[in-house]
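Notes for the structure review
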Amino acid sequence: MGAPKKGASRVSDDPEELARHPLQAILLADSFATKFRPITLERPKVLLPLVNIPMINYTLAWLESAGVEEVFVFCCAHSRQVIDYLEGSEWFSQPNFSVITIESHNSISAGDALRLIYERNVIHGDFVLISGDTVSNMSLTQALQEHKERRKNDANAIMTMVIKRSKPSQITRQSRLGTDELFMAINPDTKQLIYYEDKADNSKGTLCLDKTLLAANPAISLHNDKQDCYIDVCSPEVLSLFTDNFDYQHLRRHFVKGLLVDDIMGYKIFTHEIHSNYAARIDNFRSYDAISKDIIQRWTYPYVPDVKFCGNLGTKLERQGMYRATEIVLSRSAQIGPFSVIGYGTKIGNNTKISNSVIGEGCSIGSNVSIEGSYIWNNVVIEDGCELKHAIVCDGVIMKSGAILEPGVVLSFKVVIGQKFVVPAYSKVSLFAQPTKQDSDEELEYADSSSGAAELSPFTGTVDKLNREIASELSETQCGPSSELGTGGVGYIWSICEGGLEEEWRHSIAPIPQDKLSNLIQDIDDDQELLTQDGNALSPSAEMKSNSGSLVSEDDDDNGYSKDDYAYFEREVEATFLRAVSENVEVRHAILEVNALRLSYNMASVDSAGAIFYSMMKLALDSPHTSTSELLKNAANVITSWQELLKSLVRDIDEGIEVILKFEEMCLESAKEFSPLFQQILHLLYEKDILQEDAILRWADEKEGADESDKLFIKQSEKFIQWLREASEEED
C-alpha cells in the first residue's frame, strides 16, 4: 500500500510502553479556511487531486511509512465525502495501520476539533498532529527521539515543530509556497522556539523583540528563512490546553503564539529542522502549483507518479520528466513537453501542445489546443483551438471551441465556457453564485445551493471588449449564468473583492506579472537605500548574543541561501528552458523568464548563468545519441541555437568562470559522458563568444595550486589554454 517505511523504528526502550501506546496521529481533514473556494464549496480540500492523487493519500502514505499505527481523521466540512472515500479505499484494510474517522458538524476551527478529540479520550501518549494537505517523505525517528528525551528532562516540553530552510523572495516577501514571510527566534543551543510571527510588519526591515527574551536565553537565532512544515510531535497536554483555553482556535496564530507569551504555565515548544528530506503544506493555489512541480520533479520520492502507492494507477516515466499512464490516445502530431503528466484514458488531438501541465483521467482534448502550466482534472472536455495558461480546471468542465483561459483562472466543477469566450486573468468561475457575505478564514466550506448571487462588478478592459464582440457575433438567446460565459456557457464569474487583486496574484498558480515585479523591485530599491542609511538591516538568519547585542550570521554560504534553495532554482530554470525549446519561445522572452526566476529566488547573476548552461547540456545529454561524436553534435546544436540566451547571462568574467565550474561538476558527477568532450565544448563556447579569453585563463590560474585530481580538465585543455596565453601575449 504505502512506500517503504522510512521512520518505522520506535524510540522507547520500554517494550511495555510500546504495547500500551502505539504511535498515534491526528489528521485534520478540514483546513478551516476558504482559500480554495469556489472549489471547496463542492468537494473537501483533502480530496482534491494533487498530480492525479487525492491530497489525503500523500499524508496517509507518509504517516504509514513513518511508523504511525493509528490515525484519527477529523472530518467536518463535507465530512460524508471524506468518510465515504476512506471507507471505499484500501486504507481501511491495512495491517498494523488503523484509520479511524471522527465526524463533527459544528466545529469551525482546529481548536474546536482538538477539543472534541480530547473529549473522546482516544489519544493515550505522544502523537503526530498534521493536516490532510501535507506532503512529506521525512523520517520521524529523530524528531520523536528528541521529543521524548526532552520530555524526560522537562515535563513542560510539550511540542516539537518540524521546520525547513526556505529563503523567502526579497521581492514579494513570501516563500515559494506563496506563504507570508515567517519570522522565528530560536535558542541555537536547545532549539527552543522563542518567537513566532507570520504577519510581522517588515516593511522597514525591522523586527521588535521583547528585551526579556534575552534574559532567559544567552543567545537567540533570528530567522526569516525557515518554513513551517505544519508537522508537530505533541504530548497529550496539548489537547488539554485547547480544552482549558477556548480562545485557542488557530494552531499557530492562537496556540503557538499564546504559549510563547505565557510565562505562568511555563510550557515550551521546540523545533526540529530537516535538511535533505521534503515536507510542505498546500496552503493556497501557489503552493498547490509549487508542490505539484516538486512531486513531478521527484523531490518527494517515493511519493511520485511512477511509484505505486495508495492504489494509484501505474504511470511510466519518460524523458525530461514526462509521465504517461496507460490507455492514452495521442495524435502523432501532438507535442507533450517536459514535466507533464498525462492521466489514464485521456485522448489528445492533432497539433495540440501540452507543457508543464498535469492532465487527469478520461479527458478529451481536441486539436490545436495549447495547454501551459495548467492542471486539468478528470473527465474534462476541451474542444478545438482552446488556449490555457496557468489555470486549474476541475472535473467535468467543458471548454467550447476557441475558448481562452488567461493566467490564474480557476474553473470549478462542471462549468461550461462558451465558444471563443476569454475568461479574464485570476477569475474564479463556479456553478454556485458567489455568496453575498464573505466568510472568515475559520468558517466551514459547506456548499449552499440557496446562496444568492453577489453583485458582480462588470469587468472592464480589452478582454471584456473582445468578449462583447464575440457574444455579438455569436448572439443567441441566453439566460441566467450563461450570459457571463459566452454562447453556451454555464456558470458564474466571481468578483474580486475590493483590494483583493494583490492577494490573487500573490496566491495564484500563475507567475507574478512583470509589471508587478517591476513595481516591487522599485519599492525594494527605495527601502534598501533607507536601510543602508540607517544601518539596521538584518540578514535572513542571524544570532543575537545577549552579552554584546551583536548579530552573528548563520547563513549557509556567502550568498545567504542554502543548497536546497539553489537546487529548486536550478530545476525551475531547467523547466523554463525546456518549455522555451518545446514551444519555440523567442530568446528575449526566455531571458525575461529566467531573470524573473532569479529575482523571485533571490539568486545572483552567476547562478542564472550556471543553471541555464546546466539545462542546455542536460538537454543535449537527454537527446538521442549512440556515440561521443553524436553527443558533441547535440551539444553544439543546443549551444548554437540558444547562444544569445547564454550570452545574455554570461556578461563578465565571474559568470564565465561559473559556467566552466558548472561544466566541470557535470563532467565529474551528473553527466560523465561529457568528460572526454570537455576541451572541445570549452573551445566551442570560446568560438561563439560566450566565454571570454580572460575567464578561461583565470579559471586555469585558479587551478594552479590545486590537487592533481582537480586538474583533470586543465590537462585535457592544456594545448587550448597555451594557445590562448600565447595569443594574449602577442596582443600585448
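Refer to the structure presented above.
Figured I'd write up the structure that's included with this text.

Definitions and limits used
Residues numbered from 1 in each chain as written. Predicted model: local features only at pLDDT ≥ 70, side-chain atom pairs only at ≥ 80, totals over all residues. Heavy atoms only, no water. Helix = DSSP H or I, 4+ residues; strand = E, 2+ residues; numbered from the N terminus. Areas by Shrake-Rupley, 256 points an atom, 1.4 Å probe, with all protein chains shown as cover. Expected span 1.5 Å × (residues − 1). Buried < 20%, exposed > 50% of the residue type's maximum accessible area, 1.4 Å probe, protein only. Arc of directions from axis to C-beta. Pairing = 2+ DSSP bridges. Salt bridge = Lys/Arg side-chain N within 4 Å of Asp/Glu carboxyl O. Axes fitted to C-alpha atoms, helices over the stretch in contact; angles between N-to-C directions. Parallel < 35°, antiparallel > 145°, perpendicular 65-115°, else oblique. Left-handed = near helix turned anticlockwise from the far one by under 90°. Contact = heavy atoms within 4.5 Å. Nonpolar A, V, L, I, M, F, W, Y, C, P; charged D, E, K, R; others polar. Polar contact = N/O pair within 3.5 Å; in protein donor to acceptor, adjacent residues only side chain to side chain. Phe/Tyr/Trp six-rings, centres within 6.5 Å; stacked < 30°, edge-to-face > 60°. Lys NZ or Arg CZ within 6 Å of the ring centre and 35° of its normal. Core = buried A, V, L, I, M, F, W, Y, C linked by side-chain atoms within 4.5 Å.

1. Side note on the overall build of the protein
Of regular secondary structure, the protein possesses 22 helices and 37 strands. Summed over its atoms, the accessible surface of the protein is roughly 31,700 Å², and 47% of this surface lies on carbon and sulfur atoms.

2. Remarks on helix H16 (residues 628-641)
Each turn of an α-helix holds 3.6 residues, which means side chains three or four residues apart point in the same direction. Spanning 14 residues, H16 covers 20 Å between terminal C-alpha atoms, matching the ideal 20 Å at 1.5 Å per step. Burial in H16 covers these residues: Leu-631, Asn-634, Ala-635, Val-638 and Ile-639. Seen end-on, H16 carries its buried residues on one side only, within an arc spanning 125 degrees. Set apart from the buried face of H16 by more than 90 degrees, the exposed residues are Lys-633 and Ser-641.

3. Remarks on the sheet that holds strand E26 (residues 381-382)
Spatially, six strands are ordered E17-E20-E23-E26-E29-E32 in an open sheet, and the strand pairing comes out parallel. Either end of the sheet is taken by a strand with one partner, and the two such strands are strand E17 (329-330) and strand E32 (416-417). Both E26 and strand E29 (residues 398-399) contribute to a ladder of two bridges, which runs parallel. Directly across from Val-381, in E29, lies its bridge partner Ile-398.

4. Structural notes on the pattern of salt bridges
Opposite charge on two side chains permits pairing when their charged atoms draw close. The final tally for this structure, using the stated rule, is 29 salt bridges. Among the ionic pairs, Glu-572 bridges to Lys-293, the shortest N-O distance being 3.9 Å. With Glu-572 in helix H13 (residues 563-582) and Lys-293 in helix H9 (residues 285-296), this pair connects stretches of sequence that are 279 residues apart. Through salt bridges that share partners, Lys-45, Asp-133 and Arg-281 make up one connected network.

5. Structural notes on the environment of Val-380
Relative to the helices and strands, Val-380 is located in the loop between strand E25 (375-376) and E26. Once the C-alpha coordinates of Val-380 and Ser-364 are considered, the two residues, 16 residues apart in sequence, prove to be 6.3 Å apart.

6. Some words on the packing of helix H18 (residues 653-668) against helix H19 (residues 678-687)
Put simply, H18 and H19 touch, their axes get as near as 12 Å, and they point 155 degrees apart. Our classification of the angle between H18 and H19 gives roughly antiparallel. Note on packing geometry: the crossing formed by H18 with H19 is right-handed. Judged by residue contacts, Val-659, Ile-660, Phe-663, Glu-664 and Cys-667 of H18 engage Phe-678, Ile-681, Leu-682 and Leu-685 from H19. Tallied by class, residues from the contact of H18 with H19 come to eight nonpolar, no polar and one charged.

7. A look at the sheet that holds strand E1 (residues 24-28)
On the basis of which strands lie adjacent, the open sheet formed by seven strands has the order E5-E4-E1-E6-E12-E8-E13 and mixed pairing. Each of the sheet's edge strands pairs with one partner strand only, and the pair in question is strand E5 (98-103) and strand E13 (268-274). Strand-to-strand twist across the sheet, computed as the mean angle between neighbouring axes with direction ignored, equals 30 degrees. Bridge analysis of E1 against strand E4 (residues 70-75) gives five bridges, and the strand direction is parallel. Note that in E4 the partner of Leu-28 across the bridge is Phe-74. Contacts between helix H7 (residues 237-244) and the sheet are confined to E1, strand E6 (127-131), strand E8 (157-165) and strand E12 (226-234), with E8 contributing the most and set at about 105 degrees to the helix.

8. What to know about H18
The first and last C-alpha atoms of H18 sit 23 Å apart over 16 residues, in line with the 22 Å expected at 1.5 Å per residue. Where H18 is concerned, the buried positions are Ile-653, Glu-655, Gly-656, Ile-657, Val-659, Ile-660, Lys-662, Phe-663, Glu-664, Met-666 and Cys-667. Capping the start of H18, Asp-652 holds a side-chain oxygen 3.2 Å from the backbone nitrogen of Asp-654, two or three residues further along.

9. Digging into unusual backbone geometry
Arg-37 connects to Pro-38 through a cis peptide bond whose omega is 5 degrees. If you trace the backbone, Pro-38 turns up in the loop between E1 and strand E2 (49-50). Cis geometry is found at the peptide bond from Tyr-301 to Pro-302, where omega equals 15 degrees. With respect to the helices and strands, Pro-302 occurs in the loop between H9 and strand E15 (315-317). Phi is positive for Asn-121, close to 55 degrees, though the residue is something other than glycine. Among the secondary structure elements, Asn-121 is positioned in the loop between helix H4 (110-120) and E6. Although it is not a glycine, Tyr-426 adopts a positive phi angle of roughly 70 degrees.

10. Considering the pairing of E8
Buried residues dominate E8, accounting for nine of its nine residues. Bridge count between E8 and E13: seven bridges; the pairing is parallel. Counterpart to Met-161 in the pairing with E13 is Thr-271. Pairing analysis gives six bridges linking E8 to E12, with the strands arranged antiparallel. What sits directly across from Arg-165, in E12, is Lys-226.

11. Side note on the packing of aromatic side chains
Going through the model one piece at a time under the given rule, you end up with 15 aromatic pairs. Residues Phe-36 and Phe-285 carry aromatic rings whose centres are separated by 4.6 Å and whose planes lie at 50 degrees to one another, so their mutual orientation is tilted. Here the residue Phe-36 occupies a position in the loop between E1 and E2, and Phe-285 occupies one in helix H9, the gap between them amounting to 249 residues. On the accessibility criterion, Phe-36 (3% relative accessible area) is buried. Where Phe-663 meets Phe-678, the ring centres are 5.0 Å apart and the plane angle is 15 degrees; that geometry is what we call stacked. Here the residue Phe-663 occupies a position in helix H18, and Phe-678 occupies one in helix H19, the gap between them amounting to 15 residues. Exposure class is identical for Phe-663 and Phe-678. Each is buried. Over the face of the ring belonging to Tyr-230 we find Arg-281, whose NZ or CZ atom lies 5.0 Å from the ring centre.

12. Notes on the side chain of Ser-340
Checked against the element boundaries, Ser-340 lands in the loop between strand E18 (335-336) and strand E19 (341-342). Look past the residues within four positions of Ser-340 in its chain and what remains in contact with it is Gly-321, Met-322, Tyr-323, Ile-354, Ser-355, Asn-356 and Ser-357.

13. Some details on the nonpolar core
Residues Leu-63, Val-73, Phe-674, Ile-696 and Trp-699 are the most contacted members of the largest nonpolar core, which totals 126 residues. With ten residues, the single largest contributor to this core is helix H15 (residues 605-622). With 36 residues, the next largest nonpolar core counts Ile-102, Val-122, Ile-186 and Tyr-196 among its residues.

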